[in-house]
Amino acid sequence: LLGGCKKIVLKIGSNVLSNDEGVMDRESVRNIADQVCRLRRRDKQVIIVSSGAGICGAGAIKKWDRREDINYKQALCAIGQVELMIAYREYMGRHGVHVAQMLLTAEDFRENIRNLNIRNTLFTLVDEGVVPVINENDSVSVDEIKIGDNDMLAAYTAVLWNADLLALMSDVDGVYDKSPKLHEDAKLIPEVYGAADLLENIDSGGKSQFGTGGMVTKISAAEEANRYGIPVVLANGKKPDILRRLETGDENGTVFFRRGA
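Residues numbered from 1 in each chain as written. Predicted model: local features only at pLDDT ≥ 70, side-chain atom pairs only at ≥ 80, totals over all residues. Heavy atoms only, no water.

Draft legend 1. Main features of the layout of surface pockets. In this model, the second largest pocket occupies a volume close to 220 Å³. Leu-1, Leu-2, Val-233, Leu-246 and Val-255 are the residues nearest the centre of the second largest pocket, which is lined by 13 residues in total. Counting only elements with at least two residues in the lining of the second largest pocket, the list comes to helix 9 (242–248) and strand 8 (254–257). Across the lining of the second largest pocket, the residue classes break down as eight nonpolar, three polar and two charged. (1 Å grid on protein atoms, 1.4 Å probe; cavity = no way out; pocket = protein on both sides within 12 Å on 5 of 7 lines; lining within 4 Å. Points joined across faces, edges and corners; volume = space filled by probe spheres on them. Helix = DSSP H or I, 4+ residues; strand = E, 2+ residues; numbered from the N terminus. Nonpolar A, V, L, I, M, F, W, Y, C, P; charged D, E, K, R; others polar.)

Right under this line is the structure:
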């Protein structure tokens, strides 16, 4: 899939971008930038959908991170979005690549004029060699912070852009038949045909302090992308050079295909 596709939407989860102290892992951001630029040198086009504004905000201001009040969560995201984009700009810039920020909500994809404007902007940026970095506009989208939807936002982006592949980067190797954190005998499911049925047969897991989307949102995003014929891979983005290692078969993940594909 990675070898044959041209247009890739790469979703980066909060857990991928954070370290054990719950702040931005700059080495992880650097490695993501290196991987994206490596793909670009192979004439592939990449759009990034990146979570992480919350953890970046907590690391920058060093307070509020444990407050549950929604206003503080929104404030952290507003602060952290700046830090996140600075990091992407720095590490992409080392390769001579510009980045562009787009803050969206699910509603932007449901209104025809907004939808068209998003599409036109994405195509213009990518055609001109700029890497778009999309995030949910958490500072104004209250429901989004509560339930998490950047996985679905990535699926919407993949459909709108007519991507060849949606790659969801999380802190797990893929979908297991039960939680690998709780069960040593958990088995990785390498291929899924029909994501909807999967939820009835696996332990869907929970969510982290800042990462609002668990396994359920990832499977739902895969189902949405598969509806339009876009395959989805879920893999461990915390592993260095994961995209190259997936392509060479040195690492495993879970690939979702539309039923009957």
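Draft legend 2. Inspection of helix 2 (residues 26–41) at higher detail. For helix 2, which comprises 16 residues, the first-to-last C-alpha distance of 23 Å matches the rise-based estimate of 22 Å (1.5 Å per residue) to within 8%. Considered for burial, the residues of helix 2 that qualify are Ser-28, Val-29, Asn-31, Ile-32, Ala-33, Asp-34, Gln-35, Val-36, Cys-37 and Leu-39. Along its buried surface, helix 2 packs onto strand 1 (7–12), helix 1 (14–17), strand 2 (45–50), helix 4 (70–93), strand 4 (131–136) and helix 9. N-cap assignment for helix 2: the residue whose side-chain oxygen lies 3.2 Å from the backbone N of Glu-27 is Asp-25. (Expected span 1.5 Å × (residues − 1). Buried < 20%, exposed > 50% of the residue type's maximum accessible area, 1.4 Å probe, protein only. Contact = heavy atoms within 4.5 Å. Polar contact = N/O pair within 3.5 Å; in protein donor to acceptor, adjacent residues only side chain to side chain.)

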